[in-house]
Amino acid sequence: MEEVRAAILAACSPLPAVDVPLAEALGCVAAAAASAPADVPAWANSAMDGYAVRAADTASPPARLEVVGLLPAGAAPGPGHAVGPGRAVRIMTGAPMPPGADAVVMVERTAAVDGGGAVVVEAAVRPGENVREPGGDLRAGQEVVAPGAQLTPALLGVLASIGQARARVHRRPAVGVLSTGDELVEGPAPLLPGQIYDSNRPMLAGLVREAACSAVDLGRAPDDAGAIAKALDAALDGCDAVLLTGGVSMGDFDFVGGVFAGLGTAREWKVAIKPGKPLAWGVLRGRPVFGLPGNPVSAAVSFELFARPALRRLLGLAQPVRPSVPAVADEPFRRRTDGKLHLVRVVVAVDPADGLVHARSAGGQGSHMLGALAAGNALALVPDGDGVAAGARLEVLPLGPG
Ligand code: AMP
Ligand code: MG
């Protein structure tokens with residue numbers, strides 16, 4: 001598994017840098033640093049709805065102050081808002097501090113009197129209290145996004161807060177998904193004898209999108225080398241990578257590996273894992289192409305182990321392989337020695353009793369059984385041997401976005 005992954009990753013590199021609107025940048029990876037051009041906040045402003053005051057005037061409450069103006073958010077203070085001794089300005093959260101004021105008393109600690117012409121402050125405030133200082137969030141010149149950072153919703157907010165409308169990122173990979181197999185049809189058409197519904201294409205397209213790439217639906221191709229080659233060739237220019245499923249085993253109608261070899265550099269592996277042993281792979285016109293197994297669980301597992309790391313590298317992530325985490329086996333995971341790493345669909349959860357991640361089987365483990373894949377949220381790595389006893393530790397690979 002490691003050897004195959006290393007060979008694949010060695011042929012993948014981050015896509016070129018582009019400028020994209022923030023609205024299209026979620027999940028993309030920064031190709032350049034971004035720094036704050038100015039302090040954020042740019043000027044001192046109120047953290048509360050209340051009254052901007054001179055803190056010294058509130059030292060012995062109650063204190064009656066004359067209200068000389070009103071500052072809603074979005075207003076700019078003028079000379080008329082100056083807060084001299086014995087004065088206050090009614091101020092809303094986010095409005096700039098008026099000249100002369102050094103603190104804000106929250107409205108709940110005040111009582112308006114004289115029809116709003118004056119206010120009684122019922123509690124003392126310290127200088128700076130309820131005031132947001134300039135640069136309190138970000139200092140001018142401070143790096144806010146490092147190259148290689150994956151843009152989260154919060155980072156998009158940070159970029160917007162420094163006035164950026166666009167982000168410099170590695171282009172989001174467009175990943176084609178092509179199912180192969182004469183038996184495949186799509187619902188709701190009823191199945192004719194021998195037919196099955198194509199479950200891999202929507203599943204793989206979903207995995208692609210979960211991995212922050214965009215999915216290109218390439219439809220289905222029959223078990224025909226010419227048809228597969230034609231569909232792949234037509235799709236390559238519009239895709240940065242292509243995932244095919246089916247037709248990579250030793251059957252009489254498994255043509256995908258041969259098609260890859262005819263179009264570019266290609267390899268066919270029997271990986272020492274279960275499920276997901278057969279894998280075809282190639283670099284066609286500079287783009288990685290994956291021939292994933294047809295069995296749905298095998299396709300998903302192979303995606304996790306081989307395609308996701310490649311897509312993460314195209315995205316620009318420095319860590320293409322997501323880490324496994326230690327867990328406690330809540331039941332025995334028995335197996336026989338066969339020279340392979342077994343990837344068992346499990347449900348993992350933190351047990352509040354000990355704070356540790358615990359794993360239990362998610363159900364039937366056949367490579368055609370999507371039910372347990374759907375019910376689970378991780379793959380347990382059960383090393384070659386006779387398995388893992390209940391209560392023992394094992395590593396799990398969490399599934400899901402990223
Ligand atoms: P293959 O890799 O073509 O030998 O297919 C292995 C098994 O996976 C067979 O039972 C196929 O019918 C099934 N299979 C192949 N492609 C798909 C697909 N797109 N959706 C669901 N099952 C599939
Ligand atoms: Mg087939």
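Calculation notes
- Residues numbered from 1 in each chain as written.
- Chains lettered and ligands numbered in written order.
- Predicted model: local features only at pLDDT ≥ 70, side-chain atom pairs only at ≥ 80, totals over all residues.
- Heavy atoms only, no water.
- Core = buried A, V, L, I, M, F, W, Y, C linked by side-chain atoms within 4.5 Å.
- Buried < 20%, exposed > 50% of the residue type's maximum accessible area, 1.4 Å probe, protein only.
- Helix = DSSP H or I, 4+ residues; strand = E, 2+ residues; numbered from the N terminus.
- Contact = heavy atoms within 4.5 Å.
- Pairing = 2+ DSSP bridges.
- Axes fitted to C-alpha atoms, helices over the stretch in contact; angles between N-to-C directions.
- Expected span 1.5 Å × (residues − 1).
- Arc of directions from axis to C-beta.
- Parallel < 35°, antiparallel > 145°, perpendicular 65-115°, else oblique.
- Left-handed = near helix turned anticlockwise from the far one by under 90°.
- Nonpolar A, V, L, I, M, F, W, Y, C, P; charged D, E, K, R; others polar.

Student: How do you make sense of the nonpolar core when you look at a structure like this?
Tutor: Nonpolar side chains tend to gather and get buried jointly when the protein is soluble and globular. Counting residues in hydrophobic clusters, the biggest one holds 41 residues, and the most contacted among them are Ile8, Leu243, Phe290, Phe303 and Phe306. The element contributing the most residues to this core is helix α6 (residues 296-315), with twelve residues. Residues in contact with Ile8, not counting those within four places in the same chain, are Trp269, Leu279, Trp281, Phe290, Phe306 and Ala310. The next biggest cluster of nonpolar side chains, apart from the first, holds 18 residues, and it includes Leu22, Ala25, Leu159 and Val169.

Student: Mind showing me how you'd approach the sheet that holds strand β8 (residues 110-113) here?
Tutor: In any sheet, the strands associate via hydrogen bonds between backbone groups, in a parallel or an antiparallel arrangement. Taken together, six strands build an open sheet; the order of strands is β7-β4-β6-β5-β9-β8 and the sheet is mixed. Pairing within the sheet leaves two strands with one partner each, and these edge strands are β7 (103-106) and β8. Taking each pair of neighbouring strands and ignoring which way they run, the sheet shows an average axis angle of 40°. Where strand β4 (residues 50-53) and strand β6 (residues 87-91) come together, three bridges link them in antiparallel fashion.

Student: Would you explain helix α4 (residues 225-236) in this entry?
Tutor: Counting along an α-helix, one turn takes 3.6 residues, and residues three or four places apart therefore face a common direction. Here α4 is twelve residues long and its end C-alpha atoms lie 16 Å apart, about the 16 Å a rise of 1.5 Å per residue gives. Ile228, Leu232, Ala235 and Leu236 are the residues of α4 that are buried. Seen from one end, α4 has its buried residues packed into an arc of 100°, which puts them on one side. Counted as exposed and oriented over 90 degrees from the buried face of α4: Lys230 and Ala234. If you follow the buried residues of α4, they end up packed against β13 (174-180), β16 (214-221), β17 (241-245), α5 (256-263), β20 (278-284) and β21 (287-292).

Student: Got a minute to help me understand the pairing of β20 in this structure?
Tutor: A regular strand places its side chains on the two faces of the sheet in alternate fashion. Counting buried residues along β20, six of its seven residues qualify, which places the element largely inside the surrounding structure. Pairing of strand β18 (residues 265-270) with β20 involves six bridges; the strand directions are antiparallel. When the sheet's bridge partners are listed, Ala266 is paired in β20 with Gly282. One ladder, built from five bridges, connects β20 with β21; its direction is antiparallel. Across the sheet, the residue bridging to Ala280 is Gly291, located in β21. Taken together, β20 and the strand that follows it, β21, pair antiparallel across an intervening segment of two residues, in which Arg285 is found at a positive phi of about 45°.

Student: Even after reading the chapter, I still don't get the packing of α4 against α5, so can you show me in this structure?
Tutor: Each packed pair of helices is defined by two parameters, the angle between the axes and the distance between the axes. Between α4 and α5, whose axes approach to 9 Å, the crossing angle comes to 55°. Relative to α5, the element α4 is oriented oblique. Seen from above, α4 lies across α5 with right-handed handedness. Residues Ala225, Ile228, Ala229, Leu232 and Asp233 of α4 touch α5, and the partners they reach there are Val256, Val259, Phe260 and Leu263. Split by residue class, the contact of α4 with α5 holds eight nonpolar, no polar and one charged.

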